[in-house]
Amino acid sequence: MFGTRMRAVRKSQKVSQTKLAKALGINRQTVISWETNRTLPKASQIIRLCKFLHISSDYLLGLCNHIVHI
């Protein structure tokens, strides 16, 4: 669920995997791993990801079913 939601939000904001990776200081393969649910980010990375995408972590973590913009 995390990866699917993350990818949908990223694409809706027209942010490439490369741009997101650079903004978070990680490599593109890590973004791909998250989006395909092979791995999950650390809590600190989720915080940075949500700040960059301007969304609440609750949506990405499946705690709510609608995107909350911050």
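As shown above, the structure is provided for reference.
Residues numbered from 1 in each chain as written. Predicted model: local features only at pLDDT ≥ 70, side-chain atom pairs only at ≥ 80, totals over all residues. Heavy atoms only, no water.

A few words now on the pattern of salt bridges. Counting across every chain of the model gives 1 salt bridge. In this structure, Arg 10 and Glu 35 form a salt bridge, with 2.5 Å as the shortest nitrogen-oxygen distance. Here the residue Arg 10 occupies a position in helix α1 (residues 2-12), and Glu 35 occupies one in helix α3 (residues 28-35), the gap between them amounting to 25 residues. The same class applies to Arg 10 and to Glu 35, which are both buried. (Salt bridge = Lys/Arg side-chain N within 4 Å of Asp/Glu carboxyl O. Helix = DSSP H or I, 4+ residues; strand = E, 2+ residues; numbered from the N terminus. Buried < 20%, exposed > 50% of the residue type's maximum accessible area, 1.4 Å probe, protein only.)

This next bit is on α1. Taken as a whole, α1 has its buried residues at Phe 2, Gly 3, Arg 5, Met 6, Val 9 and Arg 10. Buried residues along α1 cover an arc of 165 degrees about the axis, so they all sit on one side. For α1, the exposed residues lying more than 90 degrees away from the buried face are Thr 4 and Ser 12. Buried residues belonging to α1 abut α2 (17-24), α3, α4 (43-53) and α5 (57-60). Where α1 ends, the next residue or the one after it, Lys 14, has phi of about 55 degrees, a positive value. (Arc of directions from axis to C-beta. Contact = heavy atoms within 4.5 Å.)

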